[in-house]
Amino acid sequence: METKTGNRTDGRGDDRLTLAVLTAVMDAAGYEDAGEFDTCLYDAIDPDALDSLFHRRTVDGRVEFSWAGYEIRVHSDGRVSVFDA
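Owing to the predicted nature of the structure, the values given are computational and were not obtained by experimental measurement.

Looking at the pattern of salt bridges
So, step 1. Following the criterion strictly, the structure yields 3 salt bridges and no others.
So, step 2. For the salt bridge of E64 with R62, the shortest nitrogen-to-oxygen distance reads 2.8 Å.
So, step 3. What makes E64 partly exposed here is its relative accessible area of 43%.
So, step 4. For D77, the salt bridge is made with R79, and the minimal N-O distance between the two is 2.8 Å.
So, step 5. With a relative accessible area of 46%, D77 lands in the partly exposed category.

Here it is as structure tokens:
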């Protein structure tokens with residue numbers, strides 16, 4: 001299974017990658033609420049570091065990590081790909 005979010009903003013001008021990751025994994029898992037996760041995102045990756053990792057000028061880059069039974073790829077252009085682990 002792969003879920004992709006098309007852009008890094010949520011329409012309110014918020015460009016935190018952690019929100020894009022959370023939304024993509026919630027969609028893949030079929031969760032309505034973030035409280036349904038058994039672990040928190042911080043157990044897998046530092047959310048502040050992820051949010052500051054890529055700047056809008058970053059041309060090419062990607063970070064990969066596992067969380068909540070999924071393999072997650074965060075691309076420098078804001079795309080988030082989620083795969084079953």
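Structure's up, so let's keep going.
Looking at the packing of aromatic side chains
So, step 1. Under the criterion given, the structure shown has 2 aromatic pairs.
So, step 2. Relative to F37, the ring of Y31 has its centre 4.9 Å away and its plane inclined at 75°; by these criteria the two rings are edge-to-face.
So, step 3. Overall, the relative accessible area of 11% leaves F37 in the buried class.
So, step 4. Members of the aromatic cluster, joined through ring pairs, are Y31, F37 and W67.

Overview of the pairing of strand β3 (residues 70–75)
So, step 1. Two elements, strand β2 (residues 62–67) and β3, share 6 bridges in a ladder whose sense is antiparallel. From the neighbouring strand, S66 faces β3, where its bridge partner is E71.

Let's talk about the confidence of the model for the protein
So, step 1. Per-residue confidence for the protein gives a mean pLDDT of 82; residues scoring 70 or more make up 78%.
So, step 2. Looking over the protein, one finds the lowest element-wise mean pLDDT in strand β1 (residues 2–5), namely 53, and the highest in β2, namely 94.
So, step 3. Low pLDDT, under 50, characterises residues 5–13; the predicted model gives this stretch 21 contacts beyond four residues in sequence or across chains.

Some points on helix α1 (residues 17–29)
So, step 1. For α1, spanning 13 residues, the distance from its first C-alpha to its last is 18 Å, which sits close to the expected 18 Å at 1.5 Å a residue.
So, step 2. Taken together, the buried positions of α1 are L17, T18, A20, V21, A24, V25, M26 and A28.
So, step 3. One or two positions beyond α1, positive phi appears at G30, with a value near 75°.

Rules of the game
- Residues numbered from 1 in each chain as written.
- Predicted model: local features only at pLDDT ≥ 70, side-chain atom pairs only at ≥ 80, totals over all residues.
- Heavy atoms only, no water.
- Salt bridge = Lys/Arg side-chain N within 4 Å of Asp/Glu carboxyl O.
- Buried < 20%, exposed > 50% of the residue type's maximum accessible area, 1.4 Å probe, protein only.
- Phe/Tyr/Trp six-rings, centres within 6.5 Å; stacked < 30°, edge-to-face > 60°.
- Pairing = 2+ DSSP bridges.
- Helix = DSSP H or I, 4+ residues; strand = E, 2+ residues; numbered from the N terminus.
- pLDDT = per-residue confidence, 0-100.
- Contact = heavy atoms within 4.5 Å.
- Expected span 1.5 Å × (residues − 1).

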